Every structure is written in structure tokens, then in C-alpha cells.
Amino acid sequence: MNKLNKTLNVKRDNLLTVYFTAGYPRLEDTAPILLSLQAAGVDIIEIGMPYSDPVADGPTIQESNKRALENGMSINLLFEQLKSIKDQLTVPVVLMGYLNPVLRMGMDVFCAKCKESGVSGIILPDLPAREYDLHYREKMEANGLSNIFLITPQTSNDRIREMDNITNSFMYMVSSPGITGAKSGISEDQIKYFERVNALKLNNPRLIGFGISSNETFKQACRYSNGAIIGSAFINVLSSAKDLAEAIPAFIAEIKKGI
Amino acid sequence: MNYHVDEHGYYGEFGGMFIPEMLFPNVEELRNSYLSIIQSDAFKKEFEGLLTDYVGRPTPLYFANRLSEKYQTNIYIKREDLNHTGAHKVNNTIGQILLAKKLNKKKIIAETGAGQHGVATATVCALMGMECKVFMGQVDTVRQRPNVERMKMLGAEVIPVTSGSQTLKDATNEALRYWIGHPDDTHYIIGSVVGPHPYPDMVARFQSIISKEIRAQLMVKTGKGLPNKVIACVGGGSNAIGAFYEFIDEPEVELIAVEAGGEGVKSGRSAATTALGSTGVLHGSKTLLMQDEDGQVIEPHSISAGLDYPGIGPQHAHLFATGRATFLNATDEEAMVAGMELTREEGIIPAIESAHAFAALKMLNFSKDEVVVVNLSGRGDKDLEAYINWGKY
């Protein structure tokens, strides 16, 4: 059982997951941001592995990917950064990225390095469930890694169940049709979709992501799920902060206000 | 050896559907319906009718007398440059817009590099009265301004893409992102044999008209339907697949694909994917792709915007890996020289993309009695400025 499974076993409400891109805003910021998020009481941290062609991401995360690559970020360097603070990290870490850099490294090597660095889970939006199940599931499971699937308002109930049956982590519920990015408010249609998925009584908990940007949207999302994921809004904080050590705890405290 | 797509969308180890879940319902809808729609009699009748009356098919297969004399062989040129809109691209956009109508889609999106596919898409949207958005890298909108204006005249909205390197691959990313956000009413007309299954197979089927005609025309002209060699340029590879399609399972026909060598394969400014690439995943399929050691996609270079793509269609990757097709590459300079040669010997100014195919004539040995077909995928009007800047005429 990895750290992510342990967290999900003991906590089922208001789970706060925060995303940031490795190597952004500066190459050496990865470790301090991780420790700062952990100290601020974030439940799960999702680290983006920067890629040249992030097709599921909106402008904010595209820009952070581009800048991180210009800073010289790579998956190998991320593993080094993670290893350097492995003993201090208690919060579960999941890596999000695109399939090509992972295949380039080789899935075997990638999974072994994830394990060595204390990573619990992987999110690869362009790795379809069928490919995962046929070719990569065994490798990930052998290294204690949870694969996390995205589901969307267009995903059929049957397909959601299929994915739920081949993972042991959480379901990443994409809040609306679209790419990542801060949006305003949650609509009636979205609530219907959240309720439809709730009614499926899945094995895995559900976290809502894409468009969650504030205390209000976080609380709303948590009413219909086990928690939510904040990405672009946090990247915006990192982009504009004068002092990360102050800005990060302040942002997380604001998000968690009243919870 | 099977060179065609299997039920899961693979050509050997290449192909597949590597798409975010957000695109799954759209691509799945296409996968489930494309064959039954395009193989229906009603569809075929409408498609073939438009190709004849609107596009101007069949295009001629022209025996190039002076070029044949020069290379001491028998060179036939397939005149895709004579299609309406000036290139083979329209064969695919006619097919896909008819399919989009059958799927009840209301809006069309497309990516474009040089603007040829964008123009071909804007044209069929005007023809069918459908709303059209074309994504084009900001850099390309400046380089290819006349095509931007043509698209606007045809009623399309041209959306300049400022993400990434602002060229074809980024235009493709942006079109995919838009499609993710508009899954219900929009069809994405991909312009080449790339993308997730079923796109490579679907586009290949629409373009296969090229080789079907070559076969029938050769039968009339030479008494046998099979040429010895078929030569075509490859970026993503739609005109090449179209020219090869009928002959893929005829092992005696040599298939020769010519990639853009740019300033030279070893110059760091090239688009010769099979020479420089390795297996990876781009725009929804596993294929050969130009990437660095960390798996980041490398920005290619070619003088021809239509070949300026870091990947290659998965079926081409398979034809390369199995040795069924021979892959050559021509530099910018070699292509321009070959373009001028065709202009002076035969009075035909080719698109710079197609000029790469003609550059292969200098790289191959021919016997006197063999039959060589070169696919002239597009005309050179759009490239006048590049020819003028090159200046050697």
C-alpha cells in the first residue's frame, strides 16, 4: 500500500490536492514548493512533468511547462529533486505528465525511479485505459504505483466502471468539457454529472479537477465528491508571488477557510 | 506481412489511440461509424460525384517526355496539382465533410501549416454552408499570408496560434484543445494520415483515389497496371499514402518516400523524420517522431511548410520499419533545383513539397524500360515568393 492509498483510507472528505509544474518558476523551486505545500496541510500533491506538447492543458499550465523546460527541467532531474527530500516528505505525491517522455525513458525505468523517489501515483492523460491494462498495469502495480484515470461529463457509466475496476487510487473527475484552467462557478449541468457519478457507488474515491480555483469552488466541488484538485490557480500564485514562502501558505489557508 | 490497420488501429507496432479521455467519445464515434458510412453506396455516390464535378477528377497521368529522355526511363507524372484548390488535400476534405454531415456535426475545425489544408477545408465548408475555424501557427500566418486571406474570403475564421513554437504541430495541439472543449457539435478534419485511429486509415482511404486512378490510367497507357516505382514526398504523408495505397500489397512495385532534409540531415535543421526520429507518441498515435533524449518534441525545419512536421503517419512508420517502402530525403536546395528542373523541362511549376519527390530522380538508378510514377501533389503558385527569394532561375 502506497502513501496515497493510506491517505485515501483514512480521509474521505475535503481532500485538497494541489498541482504545480516541476522546475517552475525556477529550476530549484520544486523541493521548497513541495515542503511548503506539505506544511500548509495539503493532502495530496500532483507534480507536473513538463512537456513540449501538453495537449490537455490550457494557457496557464502550457506556459509553466514551457518555462520549466527552458529552465532545464527533466524527469530525471525531478527524480533527483524528489530523492533529496524523500525523508521529509510524508504527503503522497503523484506525477502528472504525457506519455511520450515516459516512453522515451522506458516504462520499466520510469516505474522503478518513481518507487525509489517515493512517488505513489501516475496521471498520464494520453494513456488510454486499454493500453494501460494491456501493457503497463503490471509494471506500475509491481512498483506500488497507482494509475489515476480521468473521467469527463462525456464518459459513459460503463466506461467509468471499467476504469474504476482497474485502478486503486482515485478517479480524477474533469469538471466540464475543456482543458485545464481557472473557470468561474459550477453549473447545473456539472452538478448533474457529479451526482450521476456519485450514484455509481464506485470503489475509488472521486476528486474533481479543472476549473477549481477558489475557496468557493473548492467547497462546492467537495460537496459532490471526496475532494478537489487545484492547478492553474496555484500556478498563477507561483507566477505572481514575490516570496513563495509567504504566498503558498497564504493561498492554501484561503482555499481551506471554513473547512 | 500486413501493411494495413488492425481492429485496434495499429499498423504493426505503430498507430493506436493515444488521446485524453476528453476526446474519447468523439474519436470512438468516428471509429464505430467511419467504415459503415464511407462504404455505403449513398456516400460513395456523393463523394465520387463531387470529386468528378467539383474537384475535376480524374487528374491526368502525364507522360513526361523531356524528363524521361533526361533520366533515360519512362516518367509519368500524376497531376494532383490540377485539382480544385491546387493540391491533393481536397480529396480528404470532401470525404470528411460528407462524413461530418452524416454524423450531424454543425461545425468544422482544422489545423494548417502552409495553409493548403486550411484552404481545402474552408472551401468545402463554403460548399456545404458549414461554420469553419482553422488553427494556424502565428509564424505561419505571416509566412503564408495569401492563404490566410483565401481562407477568410471563403468565410473561415483563421485563429492564429501563439502557443509553443507557433507552427503546424502547435496548430494541431490547439485544434485538439478546441475539440476537447466542444465535443458535441464539432468535427475535426485532420489534414494528413496522422492522429488517433481511425484518422490515418480514414484519410488514407479518401486519398487512395490517387493510386486507383494511376493503376487504371497505366493500364490504358502501358498495357499493365503496375508501375516499377512510385515516388512521393512525405511530411505527415497523405499524398504518399494516396499514391502508394493500391500498390502496397503488390511487392514488385517499389514505393519511394521522400522526406524533407531541410538544410541537411545532420544540420540540426531538418524534417527527415525516419532518418532522425525514434518511436514515440504524438497527436494521438504511436509513430516515428523527432524528439530529444528527454522525449521533448523537436521543432523541425523545411523550406516547405507542408513538410515541416516532426512526425510521420503511423502507416508510413510501419512501411519504413518493415522495409516495404524506401525513405530518402532531399534538402531545401535539392528540392528547389528539382522544382526548377520540372518547370523548365515540362512547363510545370510544382509546390515545393512536391519538388522533393522530383529531387529523388537524381538519387535513383533507372532502367530504360521501367515505368516510374511521380506524384505531383500540388502546384507552385503558393510558393512563388519562396522561388523568388531563392532566385536561381
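Model, not experiment: these values are computed from the prediction.

Concerning the overall build of chain B
Logical step 1: Helix and strand counts for chain B come out as 16 helices and 14 strands.
Logical step 2: Rg of the C-alpha trace for chain B: 19 Å, near the compact-globule value of 21 Å for 393 residues, within the 12% margin.
Logical step 3: Overall, chain B is about 55 × 45 × 45 Å in size when its C-alpha atoms are taken along their principal axes.
Logical step 4: A total of 393 residues make up chain B; the buried ones form 65% of that total.
Logical step 5: For chain B, long-range pairs separated by at least 24 residues make up 73% of all intrachain contacts whose partners lie at least 6 apart in sequence.
Logical step 6: Surface exposure of chain B reaches about 13,600 Å², of which carbon and sulfur atoms provide 51%.

Some points on the domain arrangement of chain B
Residues and elements named next belong to chain B.
Logical step 1: Splitting chain B by domain gives domain 1 (10–50 + 89–203) and domain 2 (56–86 + 208–390).
Logical step 2: Computed over C-alpha atoms, the centres of domain 1 and domain 2 are 22 Å apart.
Logical step 3: In this assembly, 39 residues from domain 1 lie in contact with 38 residues from domain 2.
Logical step 4: Between domain 1 and domain 2, roughly 2,900 Å² of surface is buried when both sides are summed, and carbon and sulfur atoms account for 61% of that area.
Logical step 5: Three residues stand out in domain 1 for area buried against domain 2, namely F14, N91 and K169, and they jointly supply 22% of the buried area on that side.
Logical step 6: Remark: the boundary between domain 1 and domain 2 carries zero salt bridges.
Logical step 7: Of all the secondary-structure elements, those providing two or more residues to the side of domain 1 that touches domain 2 are β2 (14–15), α4 (89–102), α5 (116–128), α7 (145–153), α8 (168–181) and α9 (199–207).
Logical step 8: It is α8 that provides the largest number of residues to the side of domain 1 that touches domain 2, a total of six residues.
Logical step 9: Of the residues belonging to the side of domain 1 that touches domain 2, the class tally is 16 nonpolar, 16 polar and seven charged.

A word on the packing of helix α2 (residues 30–39) of chain A against helix α12 (residues 244–256) of chain A
Residue and element names in this part refer to chain A.
Logical step 1: Where α2 meets α12, the closest approach of the two axes is 9 Å, and the angle between their N-to-C directions is 35 degrees. Taken as a pair, α2 and α12 cross one another with a handedness that is right-handed. Across from I33, S36 and L37 in α2, the residues of α12 making contact are L244, I248, P249 and I252.
Logical step 2: Looking at the contact of α2 with α12 residue by residue, the class counts come to six nonpolar, one polar and no charged.

Structural notes on the sheet that holds strand β5 (residues 146–147) of chain A
Residue and element names in this part refer to chain A.
Logical step 1: With respect to topology, nine strands assemble into an open sheet ordered β5-β4-β3-β2-β1-β9-β8-β7-β6, the strand pairing being parallel. With one partner strand each, in any of the chains shown, β5 and β6 (150–151) form the two edges of the open sheet.
Logical step 2: Pairing of β6 with strand β7 (residues 171–174), which is carried by two bridges, proceeds in the parallel orientation. Directly across from L150, in β7, lies its bridge partner Y172.

Quick word on the interface of chain B and chain A
Interface size is often expressed as the accessible area that is lost when the parts come together.
Logical step 1: In this complex, chain B contributes 33 residues to the contact, which on the side of chain A involves 34 residues.
Logical step 2: Roughly 2,800 Å² of surface becomes buried between chain B and chain A when both sides are summed, with 53% attributable to carbon and sulfur atoms.
Logical step 3: Contact with chain A buries area across many residues of chain B, yet B:E21, B:M22 and B:R177 alone supply 24% of it, more than any other trio.
Logical step 4: There are two salt bridges connecting chain B and chain A.

Calculation criteria
Residues numbered from 1 in each chain as written. Chains lettered and ligands numbered in written order. Predicted model: local features only at pLDDT ≥ 70, side-chain atom pairs only at ≥ 80, totals over all residues. Heavy atoms only, no water. Helix = DSSP H or I, 4+ residues; strand = E, 2+ residues; numbered from the N terminus. Rg over C-alpha atoms; globule rule 2.2 N^0.38 Å. Buried < 20%, exposed > 50% of the residue type's maximum accessible area, 1.4 Å probe, protein only. Contact = heavy atoms within 4.5 Å. Areas by Shrake-Rupley, 256 points an atom, 1.4 Å probe, with all protein chains shown as cover. Domains from an automatic or database assignment. Buried area = accessible area lost by both parts, 1.4 Å probe. Salt bridge = Lys/Arg side-chain N within 4 Å of Asp/Glu carboxyl O. Nonpolar A, V, L, I, M, F, W, Y, C, P; charged D, E, K, R; others polar. Axes fitted to C-alpha atoms, helices over the stretch in contact; angles between N-to-C directions. Left-handed = near helix turned anticlockwise from the far one by under 90°. Pairing = 2+ DSSP bridges.

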